[in-house]
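Residue-level structural notes
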Amino acid sequence: MDASGFSGSAPEADSSPSTAHLSGTAYLSGVKAARGLRRRARVPVAARAFWRRAWAFRGLDITAAMASTSCLVVAPHPDDETLGCAAAIMRKRAAGVPVTVAIVSDGAGGASAVETSGQLSEVRRREAVRACARLGVDEGDVVFLDFPDTALDQHLDEVAAALARLVGSRTPRQILVPTSCEGHPDHDASHEAVRRAVQASGFRGEILEYTVWLWTHWPWTVGHGTGRWTARRLLLAPIRRVSELRPLLVDARGLREHQKQALAEHVTQTGPAVPSRGDAAVARAAGGGSALVPPPLSGSLLAVLESRYEIYVPAGSLRHLDFDRPWRATVASVATSRTADEQASPRATAGPG
Ligand SMILES: [Zn+2]
């Protein structure tokens, strides 16, 4: 998850991003972003939840296939595996199916009262191990790649190489990766790194995209933050989003409480408001009136945990909603090439959910 990596391209988040670890002009843009996010936060979380249910109503239930397929979960930060894939992971592990969780960044950029980035990284590592244990994943199957938080886009080839090695050693039949249009730079970079890793490793399995930050701007992804909340935007854009793609559903009923317990292990991300680390002036400038940083998880990010299904999409199917990223100027339309074509017609094992 980790809100601290947001820049001017932040989506319509309903949880305020932390200003920790921003500096100079980034501070100023962070202050503006925080004001904008608070303003846009008035868009009701309930509206997103409504359209999410409408989308799921058109979905294809892949619960059985998901539970029987070994996988590599690529999590940009410690906690993304729990937020995005908990139901799938728990179902796989209950069936005795191998799951490897690769946590790409060191998590040092998250909001916390922990004194230093190095200490925070170590704390979040232990949190992730405990959370994954609650999901049924052994400590030996949680792999920390330790790339710098909020800067994964500067290490794309190295991340891709590390993931390709992991694919080679763990031989998963499936990779779960954040959507291409999450909006968070680290999440979008992780998606791109997987695309490169797949090309490099010759992976022939299935790739599905999971959702974390998508829920803070979907279904108004296109033109996010630039339009007024007119009836046309509140109705027509969602109807288009819901109708253009049938999502893939994993039944989460009976698993949400366990997921919440796992999420609670990420104490630095879910605990009470904490003092920010040395940026009290920025917090005041942002209008907060104090140096307290609220826990990053709120709003639509947590509303998902009340829903019946965990939602996935075929690799590459949301590329038309991608945010501008430097690397996309060179890769353009070939993103997730083979896998997108192969999975244009997602497999389903049961009727509509
Ligand atoms: Zn994240």
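This text follows the structure it describes.
Residues numbered from 1 in each chain as written. Predicted model: local features only at pLDDT ≥ 70, side-chain atom pairs only at ≥ 80, totals over all residues.

A short note on helix α9 (residues 256–264)
- Here α9 has its buried residues at Gln259, Ala262 and Leu263. Down the axis of α9, the sector holding all buried residues measures 100°, keeping them to one side.
- Among the structural elements, α4 (80–94), α5 (117–135) and α10 (267–270) are those in contact with the buried residues of α9. (Buried ≥ 20, exposed ≤ 12 C-beta atoms within 10 Å, placed from the backbone. Helix = DSSP H or I, 4+ residues; strand = E, 2+ residues; numbered from the N terminus. Arc of directions from axis to C-beta. Contact = placed C-beta atoms within 7 Å.)

Notes on the pairing of strand β2 (residues 71–75)
- Of all five residues making up β2, five are buried, and the element is well covered by its neighbours.
- Judged from the five bridges that link them, β2 and strand β3 (residues 99–105) form a sheet pairing that is parallel. Pairing of Leu72 across the sheet is with Thr100, part of β3.
- In this fold, the crossover linking β2 to β3 by way of α4 has right-handed handedness.
- The pairing of β2 with strand β5 (residues 174–178) spans three bridges and is classified as parallel. (Pairing = 2+ DSSP bridges. Right-handed = clockwise from strand over helix to strand, strands pointing away.)

A word on the sheet that holds β2
- The strand order across the open sheet formed by eight strands is β1-β7-β10-β6-β5-β2-β3-β4, and the pairing between neighbours is mixed. Looking at which strands have only one partner, the edges of the open sheet turn out to be β1 (60–61) and β4 (142–147).
- The sheet contacts of helix α7 (residues 185–201) involve β2, β3, β5 and β6 (206–210), and relative to β5 the element is tilted by about 150°. (Axes fitted to C-alpha atoms, helices over the stretch in contact; angles between N-to-C directions.)

Digging into the pairing of strand β10 (residues 309–314)
- Counting buried positions along β10 gives six out of six residues, so the element sits mostly inside the fold.
- The two faces of β10 match: Tyr309, Ile311 and Val313 on one face and Glu310, Tyr312 and Pro314 on the other face are all buried.
- Relative to β10, β6 is paired through three bridges, and the arrangement is antiparallel. Bridge pairing links Tyr210 to Tyr312 in β10.
- Across four bridges, strand β7 (residues 248–251) lies against β10 in antiparallel orientation.

Looking at unusual backbone geometry
- Of note, the bond from Trp218 into Pro219 is cis; its omega dihedral lies within 30 degrees of zero at 5°.
- Relative to the helices and strands, Pro219 is located in the loop between β6 and α8 (231–244).
- Non-glycine residue Thr150 carries a positive phi angle of around 70°.
- On the secondary structure map, Thr150 appears in the loop between β4 and α6 (156–170).
- Although it is not a glycine, Thr171 adopts a positive phi angle of roughly 45°.
- Take Thr171: it is sitting in the loop between α6 and β5.

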